[in-house]
Amino acid sequence: MWAVLPGEVALAVCLVAGVRIPGAVLLGAEALVMGVLALEVYVMWPLYAVRRRAGDTRREAGLSAVRAVVPVAVRRLLVHELRALHSLGLWVLRRRHRIPEGARPFSYTEPQTGIMWTFVFVSVVETVVLALVIPWPLVHAILLVVDVYGIVIVLALQAACVTRPHLVEADGSLRLRYGALFDLRVPAAVIAAARVDRRFPGGGLLRIDEDGTLDLAVGSQTTVTVELTEPVEFVRPLGRRCSARTLRFNADDPRAAVAALVRPPPTPTAPSTPALAPPLTPERTAPSSTPGPPA
């Protein structure tokens, strides 16, 4: 399947570019694609039927069959890409992704913004230069599609980071995100301490030490460290499950993020005591005007 689909895409690019392709080649390519699709249906149909007999809905059974055939890394990469393209639309509309009422967003894109725009500029220059240098129409069309798609993906990755910031929600819980690739929720009850702590870890975007420390670096740096009372589980971008007890991440305003995480709980107000009534004074009685008994 992974050999046939790229060939089908290349064939479509050739047809769009106006390249003459013999009818036998077209017929053979389409027959090969139909054979691969028939093989996929042959493999997934028994899995789908088993799940339907178990009581699943059609959607649940179909998703279960796809999960059994398509590797989890491929599924997650496809989902990440679709979410990034959706974030590009949100970015154009100047919206953010799912920020609940009372939550405080904290951006983290400052260390990588310059690098991303440099990638975009270099990709545009490369596209223009290759269009002027390459004389073969077929190669020019293929490279044009690849270059334009690469520019869109770089913009979508940056847009996903802008529209999906870190969140400190109203109940004190923490949500760490990196675009559409990573999402970790930390309940407020397990947050023990938070502090400003600028570090420069190596190893790319996501690194987990043997002592259970997670580094979610942006531009090869982290600025906030959060200590937890117990480990929290999360899913890496390609589907592997891990856990961490110390979180290090980047925030453009680390002091504000730490202040939001360590804010003291509201102090309970003392119950009001009713005001005491003034003491009663004995009433003065006027002398009686009735004459007393005779002596």
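Residues numbered from 1 in each chain as written. Predicted model: local features only at pLDDT ≥ 70, side-chain atom pairs only at ≥ 80, totals over all residues. Heavy atoms only, no water.

Caption draft 1: Focus on the packing of aromatic side chains. For the structure on display, the rule yields four aromatic pairs. A centroid spacing of 6.0 Å and a plane angle of 35° characterise the contact between tyrosine 108 and tyrosine 178, whose relative ring orientation is tilted. On the criterion of sequence distance, the pair formed by tyrosine 108 in the loop between strand 1 (104-106) and helix 5 (110-133) and tyrosine 178 in strand 3 (residues 174-178) is long-range, its members being 70 residues apart. An angle of 70° between the planes, with centres 5.7 Å apart, marks the rings of phenylalanine 182 and phenylalanine 234 as edge-to-face. Note that phenylalanine 182 is positioned in strand 4 (residues 182-186) and phenylalanine 234 in strand 8 (residues 222-235), a separation of 52 residues in sequence. Residue phenylalanine 182 is classed as buried on the basis of its relative accessible area of 2%. Relative accessible area serves as the criterion here: at 3%, phenylalanine 234 is assigned to the buried category. (Phe/Tyr/Trp six-rings, centres within 6.5 Å; stacked < 30°, edge-to-face > 60°. Helix = DSSP H or I, 4+ residues; strand = E, 2+ residues; numbered from the N terminus. Buried < 20%, exposed > 50% of the residue type's maximum accessible area, 1.4 Å probe, protein only.)

Caption draft 2: A look at the side chain of histidine 166. Examined against the element boundaries, histidine 166 turns out to sit in strand 2 (residues 166-168). By relative accessible area, histidine 166 is classed as buried at 3%. For histidine 166, the side chain forms a polar contact with the main-chain oxygen of asparagine 250, separated by 3.1 Å. In this structure histidine 166 touches Arg104, Pro105, Phe106, Tyr108, Arg175, Leu176, Arg177, Leu216, Phe249 and Asn250, once residues within four positions along its chain are discounted. (Polar contact = N/O pair within 3.5 Å; in protein donor to acceptor, adjacent residues only side chain to side chain. Contact = heavy atoms within 4.5 Å.)

Caption draft 3: Region of interest: the confidence of the model for the protein chain. Looking at the protein chain as a whole, its pLDDT mean stands at 83, while 83% of the residues score no less than 70. A low-confidence stretch, residues 280-292 (pLDDT under 50), is modelled with zero contacts involving residues beyond four sequence positions or located in other chains. (pLDDT = per-residue confidence, 0-100.)

Caption draft 4: Representation of the packing of helix 4 (residues 72-92) against helix 6 (residues 137-163) within the structure. Relative orientation of the contacting elements helix 4 and helix 6 amounts to 75°, with a least axis distance of 7 Å. Considering the angle they form, helix 4 stands roughly perpendicular to helix 6. Contacts between helix 4 and helix 6 involve Glu81, Ala84, Leu85, Ser87, Leu88, Leu90 and Trp91 on the former and, on the latter, Tyr149, Val152, Ile153, Leu155, Ala156, Ala159, Ala160, Val162 and Thr163. Looking at the contact of helix 4 with helix 6, its residues break down into 13 nonpolar, two polar and one charged. (Axes fitted to C-alpha atoms, helices over the stretch in contact; angles between N-to-C directions. Parallel < 35°, antiparallel > 145°, perpendicular 65-115°, else oblique. Nonpolar A, V, L, I, M, F, W, Y, C, P; charged D, E, K, R; others polar.)

Caption draft 5: Inspection of helix 7 (residues 254-261) at higher detail. Extensive coverage of helix 7 is indicated by the burial of six of its eight residues. For helix 7, every residue scored as buried is listed here: Pro254, Ala256, Ala257, Val258, Ala260 and Leu261.

Caption draft 6: The pattern of salt bridges, seen in detail. With the rule as written, the count across this model stands at eight salt bridges. With a closest N to O distance of 3.4 Å, aspartate 209 and arginine 207 form a salt bridge. Using a relative accessible area of 30% as the deciding quantity, one classes arginine 207 as partly exposed. What you see here is one network of salt bridges that share partners, running through Arg207, Asp209, Asp215 and Arg248. (Salt bridge = Lys/Arg side-chain N within 4 Å of Asp/Glu carboxyl O.)

Caption draft 7: Representation of the sheet that holds strand 3. With antiparallel pairing, four strands are arranged side by side in an open sheet as 1-2-3-4. In this open sheet, the two edge strands, each paired with only one partner strand, are strand 1 and strand 4. Each strand of the sheet is rotated relative to its neighbour by a mean of 15°, with strand direction disregarded. As defined by bridge partners, strand 3 adjoins strand 4 across five bridges and the pair is classed as antiparallel. Following the sheet pairing, leucine 174 is matched in strand 4 by valine 186. (Pairing = 2+ DSSP bridges.)

Caption draft 8: Seen up close, the sheet that holds strand 5 (residues 191-199). Strand order in the open sheet formed by five strands is 5-8-9-7-6, and the pairing between neighbours is mixed. Here the strands that pair on one side only, and so sit at the sheet edges, are strand 5 and strand 6 (206-208). The sheet shows a mean angle of 35° between the axes of neighbouring strands, direction not considered. With eight bridges connecting them, strand 8 and strand 9 (residues 241-249) associate as antiparallel partners.

Caption draft 9: Examining unusual backbone geometry more closely. With a phi close to 60°, arginine 94 is a non-glycine residue in the positive phi region. Structurally, arginine 94 can be placed in the loop between helix 4 and strand 1. Positive phi outside glycine occurs at serine 220, with the angle close to 60°. Secondary-structure assignment places serine 220 in the loop between strand 7 (213-216) and strand 8.

Caption draft 10: How the structure looks around the environment of asparagine 250. Counting through the fold element by element, asparagine 250 comes out in the loop between strand 9 and helix 7. Taking C-alpha positions, asparagine 250 is 6.2 Å from valine 218, a pair spaced 32 residues apart along the chain. Among the polar contacts listed, one links the side chain of asparagine 250 to the backbone oxygen of tyrosine 108, at a separation of 3.2 Å.

Caption draft 11: Structural detail: the nonpolar core. One finds Leu174, Leu184, Val186, Val226 and Leu247 to be the most contacted residues of the largest nonpolar core, which totals 32 residues. Going through the elements one at a time, strand 3, strand 4, strand 5, strand 7, strand 8, strand 9 and helix 7 are the ones with two or more residues in this core. Not counting residues up to four positions away in its chain, the partners in contact with valine 186 are Ser173, Leu174, Ile191, Leu228, Val232 and Leu247. (Core = buried A, V, L, I, M, F, W, Y, C linked by side-chain atoms within 4.5 Å.)

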